[in-house]
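Below, each chain spelled out in residue letters.
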Amino acid sequence: MRVIYSDVLVIGGGLAGLRVAIGARRRGFDPLVLSLVPPKRSHSVAAQGGMQASLGNVIKGEGDNEDVHFEDTVRGSDWGADQSVVRMFVNTAPKAVRELAAWGVPWSRVRRGDREVIINGQKVTLTEKDEAHGLIAQRDFGGTKKWRTCYASDGTGHAMLFAMGDRAIAEGIPVLERTEALSLIHDGKRCFGAVVRDLITGELAACVARATVVATGGAGRLYRVTTNAVINEGIGHALALDTGVAALGNMEAVQFHPTAIVPAGILVTEGCRGDGGLLRDAAGHRFMPDYEPEKKELASRDVVSRRMEEHIKKGHGVQSRFGEHLWLDITLLGRAHIERNLREVKDICRYFLGLDPADKWIPVRPAQHYTMGGVRTDHTGQNPALAGLFAAGESACWDMHGFNRLGGNSVAETVVAGMIVGEFVADWCEGAELEVSTRLVQEFVDRERASLDGLCHGGSEDASVLRIAMQEIMTSKVGIFRDGAELQAAVDGLAELYRRSRNIGVRSNAPGANPELVTAYRTQKMLRLALTVACGALARTESRGAHFRADHPQRNDQAWLKRTLATWPDPLADLPTLNYEPLDIMTMELPPGWRGYGARNQIEHPDTERRQQQVSEIRERLGSAGRFAVQEALMPYEHLLPVSIRGRNERLGEKLP
């Protein structure tokens, strides 16, 4: 048995994982990163539009601050987020974007004077301040009151990941590429690392560490059409679920992005609409103002996706041999703007659609995009049930996004969570001795070897067939619109597929690279994860954020203002175990209210009015003392942050004393 020792084992080489590793290294610990692909090919590279941080540099961002960003994020989450975590995030985001600038990210910059932009389909002249010249520029994104999204043209993720990768190289952080974690090593109370498999040689090894961090990104490949990369199969989520101890939070909260190209499903950034692009139907009619007259195309993503699908169902979709779609029109932005700020979109349209978006409309339809749920953690990023197990980024339920994520908050979360969780991981390592039984490690390695041997000498089921069937069920029955009967059919169908997966066999037992074997063992994990999503959605008889139940259209705070916690304690069981974690209204800075979309349609929690009265009284009593004093009285949070990250942020209109 080969054993590899490190202080911190990071599973995942994207933005979140690399930033955690950098944080641990800077505190004097030895991290080791596992990655399915070279880190600079991680899915973080696909983020286009930008990351949110309340810098307030551009004229349309004037007056922005942490309070405004906080309220946008909590409303966007449909009050499913942990508000203390949101406060930690909005405080740290400006620090993170400035750190990335220092590391070499070529952020687009403000230019003084007049510039033409498109707002609500009309050309508008904005005049940027002289003192803002050269500062980081920001664009509009959906669900926000201010222009807050920092960007590097439309290749933001690419620029961020390459800068982060270079920093990791400079810090001397080792990366095991083409290496996959098969299971977490644990004793039911403490995590000690993972059993890993070299995807080239097939060799198994044990990576033993004081702290283990899951940073594997999303689970989009549970669905047939997704903007996620082929490596985003939710395996990090499944590793935690397979422990039987660690819980996954809010797995039914799945976001669909409005503008995936048809038929490939590749994302074209929200920056297209943020910069002024319009959604049109088969007749060329701009339909979003009919549904959302205030925010229009820049309503929250879950809202825009539902409105698009509703419009198609009404018979306004464009017919094509790939199914119906709608149009995204960015021609009004002009060729110069597209070639400067939306270059990646232009290339995607050219290579995958054969069209020039400066001249022709882009065929789009909503597709699965983001997994709000993930490994449940506390504010430090650590799982409450399995000491030493941390998670960061999209694979975590920290819980910053609740039931809907605002655009630009995810790529921001990767680096912000990486900064924060990296410090807490280092704190943990300072006090955590690595004492693990060699016998325990050997048991997990032997178990995984036996499982792989069983597949190589197994039954008659084809994993690829099961996977395709799973994706069809998830797409057709656990999608943008849900109802009880369809969800029950999904649970029944997925459970049957999961039972069949116990009889998977592979035709090749080649000891080295074996894609058929990889598909087999990943499919079993994905089916458990799909069942977790479907069971959570069936049980939640309300509509909240991206989880919309046609048979329960109200948001029900009285019964459902709580987080879903899913575990799989019995490995022989066909379904997960669901429990719930209530959200305490009486500690909220922003009590539940109306999001601002459509008709007000919610069942109030009995504590909402009482908490709102308390909040109003505090604001009235302390208003003259300033926003920081008010915020501290409403919901203290700064003590939760690592000491090195605390402190206020400076802006043009808000200088530090």
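Residues numbered from 1 in each chain as written. Predicted model: local features only at pLDDT ≥ 70, side-chain atom pairs only at ≥ 80, totals over all residues. Heavy atoms only, no water.

The next subject is helix 5 (residues 235-242). Counting buried residues along helix 5, 7 of its 8 residues qualify, which places the element largely inside the surrounding structure. Every buried residue belonging to helix 5 is among Ile 235, Gly 236, His 237, Ala 238, Leu 239, Ala 240 and Leu 241, and all of these are buried. (Buried < 20%, exposed > 50% of the residue type's maximum accessible area, 1.4 Å probe, protein only. Helix = DSSP H or I, 4+ residues; strand = E, 2+ residues; numbered from the N terminus.)

On a regular strand, each side chain points to the face opposite its neighbour's, so the side chains alternate between the two faces of the sheet. Examined bridge by bridge, strand 14 (residues 278-280) and strand 15 (residues 326-329) share 3 bridges and lie antiparallel to one another. Bridge pairing in strand 15 links Leu 278 to Asp 329. Judged from the 3 bridges that link them, strand 15 and strand 16 (residues 362-371) form a sheet pairing that is antiparallel. For Trp 327, the partnering residue across the bridge sits in strand 16 and is Pro 363. (Pairing = 2+ DSSP bridges.)

What follows deals with the pairing of strand 16. Buried residues dominate strand 16, accounting for 9 of its 10 residues. The pairing of strand 13 (residues 254-261) with strand 16 spans 6 bridges and is classified as antiparallel. Counterpart to Ala 260 in the pairing with strand 16 is Arg 365.

Examined against the element boundaries, Ser 44 turns out to sit in the loop between strand 2 (31-35) and strand 3 (51-52). Taking the relative accessible area as the measure of exposure, Ser 44 reaches 17% and is therefore buried. Apart from residues no more than four positions distant in its own chain, Ser 44 is found in contact with Gly 14, Leu 15, Gly 157, His 158 and Leu 161. (Contact = heavy atoms within 4.5 Å.)

On to the pattern of salt bridges. Under the definition given, this model contains 64 salt bridges. The partner of Glu 430 in a salt bridge is Arg 27, with the nearest N and O atoms 3.0 Å apart. Pair noted here: Glu 430 is in helix 11 (residues 409-431) and Arg 27 is in the loop between helix 1 (15-26) and strand 2, with a separation of 403 residues, a long-range link. Of the residues examined, Arg 27 reaches a relative accessible area of 27% and is grouped as partly exposed. Between Glu 180 and Arg 522 there is a salt bridge; the shortest N-O distance is 2.9 Å. Taken together, the residues span a long stretch of sequence, with Glu 180 in strand 9 (residues 179-186) and Arg 522 in helix 15 (residues 515-539) at a distance of 342 residues. (Salt bridge = Lys/Arg side-chain N within 4 Å of Asp/Glu carboxyl O.)

Let us look at the nonpolar core. Core analysis: the biggest nonpolar cluster contains 69 residues, and Met 51, Leu 100, Trp 107, Met 160 and Val 425 have the highest contact counts within it. Contributing elements (two or more residues each) for this core: strand 1 (3-11), helix 1, helix 2 (66-76), helix 3 (83-102), helix 4 (156-170), strand 11 (204-214) and helix 11. No other element matches the 12 residues that helix 11 contributes to this core. Not counting residues within four places of it along the chain, the set of residues in contact with Met 160 comprises Leu 15, Met 51, Leu 100, Val 105, Trp 107, Val 411 and Val 415. (Core = buried A, V, L, I, M, F, W, Y, C linked by side-chain atoms within 4.5 Å.)

Right, let's get into the sheet that holds strand 7 (residues 149-150). Within the open sheet, the 3 strands sit side by side as 3-7-6. Their pairing is antiparallel. Looking at strand neighbours, the two that pair on one side only are strand 3 and strand 6 (138-139), the edges of this open sheet. The pairing of strand 3 with strand 7 spans 2 bridges and is antiparallel. Note on strand 7: the bridge partner recorded for Met 51 is Cys 150.

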